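# Structural features, examined
Letter by letter, the chains look like this.
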Amino acid sequence: CALPIYGTEMMPSSIVACSLAAVVVVVAGGVRTDGTNPPRLIIDTDMSTDCDDVGATCLAHALMDRGEVNLIAVVHDTGLDTGVGAVSSINKYYGRPNLPVGAYKGPFDATVRGLYVDDLVNRFPGTVTNASQVPDALEVYRTALAGSPDNSVWISSIGFTTNLEVLLKSPPDSVSPLSGHDLVAAKVRGIAWMGGRYPASTPGEPSPEHNFGYHNIGASTAATLDGWPHSVPIVFLGWEVGAPIVTGGSMTNHTPDTNPCRAAYIDHSGAGNDRSSWDPATTLFAVRGAEDFYTRHATGHNTVALPDGNNKWVDTGARMNQSYLVLTSSPAAVKAAIDALLLAPPKALNRALDGVQL
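These notes cover the structure that comes with them. (Residues numbered from 1 in each chain as written. Predicted model: local features only at pLDDT ≥ 70, side-chain atom pairs only at ≥ 80, totals over all residues. Heavy atoms only, no water.)

Further remarks concern the overall build of the chain. For the chain, the helix and strand inventory stands at 15 helices and twelve strands. Here the analysis covers contacts within the chain between residues at least 6 apart in sequence; of these, 81% occur between residues at least 24 apart. Of the accessible surface of the chain, which amounts to about 13300 Å², a share of 55% is contributed by carbon and sulfur atoms. (Helix = DSSP H or I, 4+ residues; strand = E, 2+ residues; numbered from the N terminus. Contact = heavy atoms within 4.5 Å. Areas by Shrake-Rupley, 256 points an atom, 1.4 Å probe, with all protein chains shown as cover.)

The structure is reproduced here in structure tokens:
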């Protein structure tokens, strides 16, 4: 159906049936996502520079509105103090102001501040504005995993490995008698990891890929890969997959100006402009699986060179716990799926417009 045009007017609840298609049964790593047994999801994001982190988080909320996933936590993985504030802005917009949020509180990338972060914090304030107001990401990770059934959680890693490395190395504590490594092995069904290029990062193109090598993060990337439990699948989505899938520009004219997701894309890319969708595509895969969009190259394993973080896939011919996605559909097909979720009005917004007390 046709999408309405919005400037400053609120989106009426009458278009809910038009914008939100019926939930269908899909499979993500063998888990039915028909609303009866949705997978649990933790997003690990560097929401500080690129707006596609915002798109991924908004997309996850939209999937939760549809009953396809249970988003149980979001952790921020750079030292930018207001990054969690931007996350909180989005959580509040989607009617989940108390969703657990955790922060990496170290020095990595603490001064790298994108164009949209403070705008979201100032114009769309959530329940928190900075890292001092939330627990450490490790605490949130361990609590969320310990409280989940075995083999039930997908992680969407759409930033750096600052939090994951610490999680894997963490000892037993009052939250769980398991070490971080064993907790991941018990609770995590798989990780969708945006990072690297496949089959290898090459000179003349982003090399090393940003999430694997930026600001000397390569050692942490390698440590996380090496320390990951062999029983838990890793699915990599490389730079080359997300780059041609451009999304988000349609939010300018088809969502209200009260939408922080819309604001972030305008701040970053300009009104009406799309942005490559590395992080939304990764998060969508974590929930829905490959669908008709991808095949998985599932023989061999990834390697990360030190100190720079360049990666190379070593194809041994044997199936291991690692694979990478190969785009087999048109980028436009993935774009359509992502944009449909970004344009879907939050359930919380529709209840408010219908006069329901939130």
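Where charged atoms from two side chains of opposite charge approach closely, those side chains can pair. Scanning the model with the defined rule gives twelve salt bridges in all. Residue D119 pairs with R123 through a salt bridge whose shortest N-O separation is 2.7 Å. Residue D119 and its partner R123 are located together in helix 4 (residues 117-123), separated by four residues, close to a single helical turn. Overlapping salt bridges bring together R66, E68 and R288 as one network. (Salt bridge = Lys/Arg side-chain N within 4 Å of Asp/Glu carboxyl O.)

Turning our eyes to something else, we now look at the nonpolar core. One finds L41, V54, Y116, L284, Y294 and I338 to be the most contacted residues of the largest nonpolar core, which totals 62 residues. At seven residues, the largest contribution of residues to this core is made by helix 2 (residues 52-65). In this view, V54 contacts M47, I90, Y116, C261 and A264; residues no more than four positions away in its chain are not counted. Core analysis: the next-biggest nonpolar cluster, separate from the first, contains 30 residues, A137, Y141, F212 and V232 among them. (Core = buried A, V, L, I, M, F, W, Y, C linked by side-chain atoms within 4.5 Å. Buried < 20%, exposed > 50% of the residue type's maximum accessible area, 1.4 Å probe, protein only.)

Let's shift gears to empty space enclosed by the protein. One pass over the structure, following the stated rule, counts one cavity of 30 Å³ or more. Of the volumes computed, that of the largest cavity is approximately 50 Å³. Surrounding the largest cavity, twelve residues form its lining, Y93, N259, A344, P345 and P346 being those nearest its centre. Across the lining of the largest cavity, the residue classes break down as ten nonpolar, two polar and no charged. (1 Å grid on protein atoms, 1.4 Å probe; cavity = no way out; pocket = protein on both sides within 12 Å on 5 of 7 lines; lining within 4 Å. Points joined across faces, edges and corners; volume = space filled by probe spheres on them. Nonpolar A, V, L, I, M, F, W, Y, C, P; charged D, E, K, R; others polar.)

What helix 7 (residues 180-187) keeps buried is the set G180, L183, V184 and K187. The buried residues of helix 7 occupy one face: seen down the axis, they fall within an arc of 100°. The inward-facing, buried residues of helix 7 contact helix 5 (137-146), strand 6 (153-158), helix 6 (162-169) and strand 7 (188-194). (Arc of directions from axis to C-beta.)

Moving on to the packing of helix 2 against helix 14 (residues 331-343). The interhelical angle for the contact between helix 2 and helix 14, taken along N-to-C directions, is 75°, at an axis separation of 8 Å. On the basis of their axis angle, the class for helix 2 and helix 14 is roughly perpendicular. Taken together, the residues of helix 14 that come into contact with helix 2 (itself represented by G55, C58, L59, A62 and L63) are I338, L341 and L342. (Axes fitted to C-alpha atoms, helices over the stretch in contact; angles between N-to-C directions. Parallel < 35°, antiparallel > 145°, perpendicular 65-115°, else oblique.)

This next bit is on the state of the cysteines. Taken as a whole and judged by the stated rule, the model has one disulfide. With a sulfur-sulfur separation of 1.9 Å, C58 is cross-linked through a disulfide to C261. Given an S-S torsion of about -90°, the disulfide between C58 and C261 has left-handed geometry. Note that C58 is positioned in helix 2 and C261 in helix 12 (residues 260-269), a separation of 203 residues in sequence. (Disulfide = S-S within 2.5 Å.)

Listing the buried residues of helix 5 in full gives A137, V140, Y141, R142, A144 and L145. Taking the backbone nitrogen of L138 as reference, a side-chain oxygen 2.9 Å away marks D136 as the first, capping residue of helix 5. (Polar contact = N/O pair within 3.5 Å; in protein donor to acceptor, adjacent residues only side chain to side chain.)

With that out of the way, let us pick up the sheet that holds strand 12 (residues 311-327). Taken together, eight strands build an open sheet; the order of strands is 5-4-3-6-7-8-12-11 and the sheet is mixed. Strands with a single pairing partner mark the edges of an open sheet, and in this sheet they are strand 5 (101-103) and strand 11 (294-304). Each neighbouring strand pair of the sheet contributes to a mean axis angle of 30°, computed without reference to strand direction. The pairing of strand 7 with strand 8 (residues 234-237) spans four bridges and is parallel. Paired with I191 across the two strands is I234, which belongs to strand 8. Where helix 9 (residues 218-227) meets the sheet, it contacts strand 7, strand 8, strand 11 and strand 12, and its direction lies at approximately 110° from that of strand 11. (Pairing = 2+ DSSP bridges.)

In this section: the environment of F124. Topologically, F124 is positioned in the loop between helix 4 and helix 5. The class of F124 is buried, set by a relative accessible area of 12%. Counting along the chain gives 139 residues from F124 to A263, while the straight-line C-alpha distance between them is 9.6 Å. Excluding anything up to four places from it in sequence, F124 contacts S89, D119, D257, T258, N259, P260 and A263.

Our focus in this paragraph is the packing of aromatic side chains. We describe a pair of aromatic rings using the distance from one ring centre to the other and the angle between the two ring planes. What the rule picks out here adds up to 14 aromatic pairs. On the basis of an interplanar angle of 80° and a centroid distance of 4.9 Å, the ring pair of F108 and F160 is categorised as edge-to-face. With a gap of 52 residues between them, F108 in the loop between strand 5 and helix 4 and F160 in the loop between strand 6 and helix 6 connect regions that are remote in the sequence. Taken individually, F108 and F160 each receive the classification buried, so the pair is uniform in this respect. Ring centres 5.0 Å apart and planes at 20° place the aromatic pair Y198 and Y324 in the stacked group. Here Y324 lies in strand 12 and Y198 lies in the loop between strand 7 and helix 8 (210-213), a separation of 126 residues in the sequence. The same class applies to Y198 and to Y324, which are both buried. (Phe/Tyr/Trp six-rings, centres within 6.5 Å; stacked < 30°, edge-to-face > 60°.)

Any link to function would need more than the numbers given here.
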